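Listed below are the residues making up each chain.
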Amino acid sequence: MGVVDTLGEGVTGLKIGDRVMYMNAGIGAYASARNVAEDKFVPVPSNISDEVAAAAFFKAMTAQYLVQKTYKVKAGDIVLVHAAAGGVGQILAS
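Described in the following lines is the structure provided in the data block. (Residues numbered from 1 in each chain as written. Predicted model: local features only at pLDDT ≥ 70, side-chain atom pairs only at ≥ 80, totals over all residues. Heavy atoms only, no water.)

## What to know about the side chain of Arg19
Residue placement: Arg19 occurs in strand E2 (residues 19-22). Within the local environment of Arg19, its side chain forms a polar contact with the side chain of Asp50, the two groups lying 2.5 Å apart. (Helix = DSSP H or I, 4+ residues; strand = E, 2+ residues; numbered from the N terminus. Polar contact = N/O pair within 3.5 Å; in protein donor to acceptor, adjacent residues only side chain to side chain.)

## Considerations on the environment of Val44
Looking at where Val44 falls in the secondary structure, it is placed in the loop between strand E3 (41-43) and helix H1 (50-70). In this structure, the C-alpha to C-alpha distance between Val44 and Gly2, residues 42 residues apart in sequence, is 9.3 Å. Those residues in contact with Val44 that lie beyond four places of it in its chain are Met1, Arg19, Val20, Met21 and Ala53. (Contact = heavy atoms within 4.5 Å.)

## Remarks on the packing of aromatic side chains
Within this structure, the stated rule accounts for 1 aromatic pair. Here the aromatic rings of Tyr22 and Phe41 are separated by 6.0 Å at their centres, their planes lie at 85°, and the arrangement is edge-to-face. Of the two residues, Tyr22 sits in strand E2 while Phe41 sits in strand E3, which places them 19 residues apart along the sequence. We classify Tyr22 as partly exposed; its relative accessible area is 22%. (Phe/Tyr/Trp six-rings, centres within 6.5 Å; stacked < 30°, edge-to-face > 60°. Buried < 20%, exposed > 50% of the residue type's maximum accessible area, 1.4 Å probe, protein only.)

## Examining the environment of Ala54
In this fold, Ala54 is placed in helix H1. For the pair Ala54 and Gly8, spaced 46 residues apart in sequence, the C-alpha to C-alpha distance is 25 Å.

## So, the pattern of salt bridges
Considering all chains together, one arrives at 3 salt bridges under this definition. Between Lys15 and Asp18 there is a salt bridge; the shortest N-O distance is 3.0 Å. Using a relative accessible area of 18% as the deciding quantity, one classes Asp18 as buried. Here Asp50 ties to Arg19 by a salt bridge, and the two come within 2.5 Å at their closest N and O atoms. Within this pair, whereas Asp50 is found in helix H1, its partner Arg19 is found in strand E2, the two being separated by 31 residues in sequence. (Salt bridge = Lys/Arg side-chain N within 4 Å of Asp/Glu carboxyl O.)

## Let's talk about the environment of Ala84
Position of Ala84 relative to the elements: it lies in the loop between H1 and helix H2 (87-93). The sequence separation of Ala84 and Ser94 amounts to 10 residues, and the corresponding C-alpha distance is 9.1 Å.

As structure tokens, then:
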């Protein structure tokens, strides 16, 4: 989670001051400032708290990992979601 403070050459989808989060942007996750490719960022709306944004993003990335990386789900596959009561299950079932 962070705020854009500088833009690199050719960046068009962000502006200084945008709240953003990212995952899988390489080494440096604990740095106080870093360079990240524009396509790695997800904008965070101003009406969503940092805590809610982080929780939702983590759950969504877990769901994405399960259906894209663990096993790439494709048309015709049957997927069993054991419970759609939690965040990851709700995302998988929607």
